[in-house]
Amino acid sequence: GIILALWMTSVRWKRRGLPPDAVWDIAIWAIPFGIIGGRLYHVISSPDAYFGPNGNLALIPQIWLGGLGIWGAIALGAVGAWIGCRRAGIKLSTFADVAAPGVLLAQAVGRWGNWFNQELFGGPTDLPWGLEIDPNNTNFPDGAAPGTLFHPTFLYESLWNLAGVALLLALDRRFRLRGGRLFWLYAAFYTAGRVWIEMLRIDDAEMVTILGVTQRLNVWTSILILLVSLGMFIYRSVRARRQPEPSLMLPGHTPAGSETAGRSNNSPLDNKSETDSRNVKSASQS
């Protein structure tokens, strides 16, 4: 998933005319931060295995045993991306817009880990695409008969994400969404699907009661992020109508393909050209 995300982001990066190597410099910061953030969110949202009566703190760094939360990955990954963007002279919103479809593609691939692990599936179903779980698997629900089929929620989310990738690419091509708008649209689309998919799942999860309604923590998190994302998208869209298209770079920096790129380097060739120009102007005045 990470490889595909990097590939798609690098292709879109070049089309923006941004410094070619900068995307890799930013990814070096964003990816490790994202993995750590994803793990921390999982530990916080599913604490019993680590802090419970039979918990084991030594399991926290063992990510190969499973357990990564997308919200922590996005949050801390954004911190890493911000560091990389500052070093590269690029706005964080620029990187977020370019990377958003690739991140959603990575999520579509990553969900298939749930199939291999036979985990995070939904309730029983008689639909023809129902998922069969090994009765000897530790995740097999108590009281369920062998051969019971379950909703393949990993498949639902993977297909939802792939549809989102196509939608984001189409909307970006049509409307040139800049200034963070494509990223907030990505967040809104993903969380809208995550709400109903999360409600189908039957695995153990932290439950939270808000206004008398008890739901899984990830459901409430998805709803909150959905509302924030829609608000930010509307806010950014209103600003885009009032202001010209924002620069992709931080102040004092220019894209590699722009007319002014490289002029601040004061290369010998540039200095010679400026000197020749002054000599011609002086001669004409004489």
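Residues numbered from 1 in each chain as written. Predicted model: local features only at pLDDT ≥ 70, side-chain atom pairs only at ≥ 80, totals over all residues. Heavy atoms only, no water.

Trainee: Tell me about the nonpolar core, and name the residues and values.
Mentor: By size, the foremost hydrophobic cluster in this structure holds 16 residues, and its most contacted members are Trp71, Leu104, Val165, Leu168, Tyr186 and Tyr190. Contributions of two or more residues to this core are made by α4 (70-88), α5 (92-110), α7 (153-175) and α8 (181-198). At six residues, α8 tops the list of elements feeding residues into this core. With 14 residues, the next largest nonpolar core counts Ala22, Val23, Phe95 and Leu248 among its residues. (Core = buried A, V, L, I, M, F, W, Y, C linked by side-chain atoms within 4.5 Å. Buried < 20%, exposed > 50% of the residue type's maximum accessible area, 1.4 Å probe, protein only. Helix = DSSP H or I, 4+ residues; strand = E, 2+ residues; numbered from the N terminus.)

Trainee: Summarise the environment of Ala27; cite the residues concerned and give the values.
Mentor: By the element assignment, Ala27 lies in helix α2 (residues 22-45). Counting along the chain gives 72 residues from Ala27 to Ala99, while the straight-line C-alpha distance between them is 10.0 Å. When near neighbours in sequence (up to four residues on either side) are disregarded, Ala27 contacts Leu6 and Pro32. (Contact = heavy atoms within 4.5 Å.)

Trainee: Describe the pairing of strand β3 (residues 207-210), listing the residues and the values that go with them.
Mentor: Bridging between β3 and strand β4 (residues 213-216) involves four bridges; their strand directions are antiparallel. By the bridge assignment, Ile210 is partnered in β4 with Val213. Between β3 and β4, which pair antiparallel in sequence order, lie two residues; one of them, Leu211, sits at a positive phi of approximately 55°. (Pairing = 2+ DSSP bridges.)

Trainee: Give me helix α9 (residues 217-242): which residues, what numbers.
Mentor: The terminal C-alpha atoms of α9 lie 38 Å apart, and with 26 residues this matches the ideal 38 Å at 1.5 Å per residue to within 8%. Taken residue by residue, α9 has Asn218, Val219, Trp220, Thr221, Ser222, Leu226, Ser229 and Ser237 as its buried positions. In this fold, the buried residues of α9 make contact with α2, α4, α8, β3 and β4. (Expected span 1.5 Å × (residues − 1).)

Trainee: Run through the packing of aromatic side chains, naming residues and quoting values.
Mentor: Across all of its chains, the model carries 13 aromatic pairs by this definition. Considering the side-chain rings of Phe183 and Tyr186, the 5.7 Å spacing of their centres and the 50° angle between planes classify their relative orientation as tilted. Of this pair, Phe183 and Tyr186 both sit in helix α8, three residues apart, which is roughly one turn of the helix. Among the aromatic residues, those joined into a ring-pair cluster are Trp112, Trp115, Phe116 and Phe154. (Phe/Tyr/Trp six-rings, centres within 6.5 Å; stacked < 30°, edge-to-face > 60°.)

Trainee: Give a description of the packing of helix α1 (residues 2-15) against α5 that names residues and reports values.
Mentor: Across the interface, α1 lies against α5 with an axial gap of 8 Å and an inter-helix angle of 155°. In terms of their interaxial angle, α1 and α5 are classed as roughly antiparallel. Once α1 is placed against α5, the crossing between them reads as right-handed. Residue-level inspection shows Ile2, Leu4, Ala5, Met8, Thr9, Arg12 and Trp13 of α1 in contact with α5, the latter providing Phe95, Asp97, Val98, Ala99, Pro101, Gly102, Val103, Leu105, Ala106 and Val109. (Axes fitted to C-alpha atoms, helices over the stretch in contact; angles between N-to-C directions. Parallel < 35°, antiparallel > 145°, perpendicular 65-115°, else oblique. Left-handed = near helix turned anticlockwise from the far one by under 90°.)

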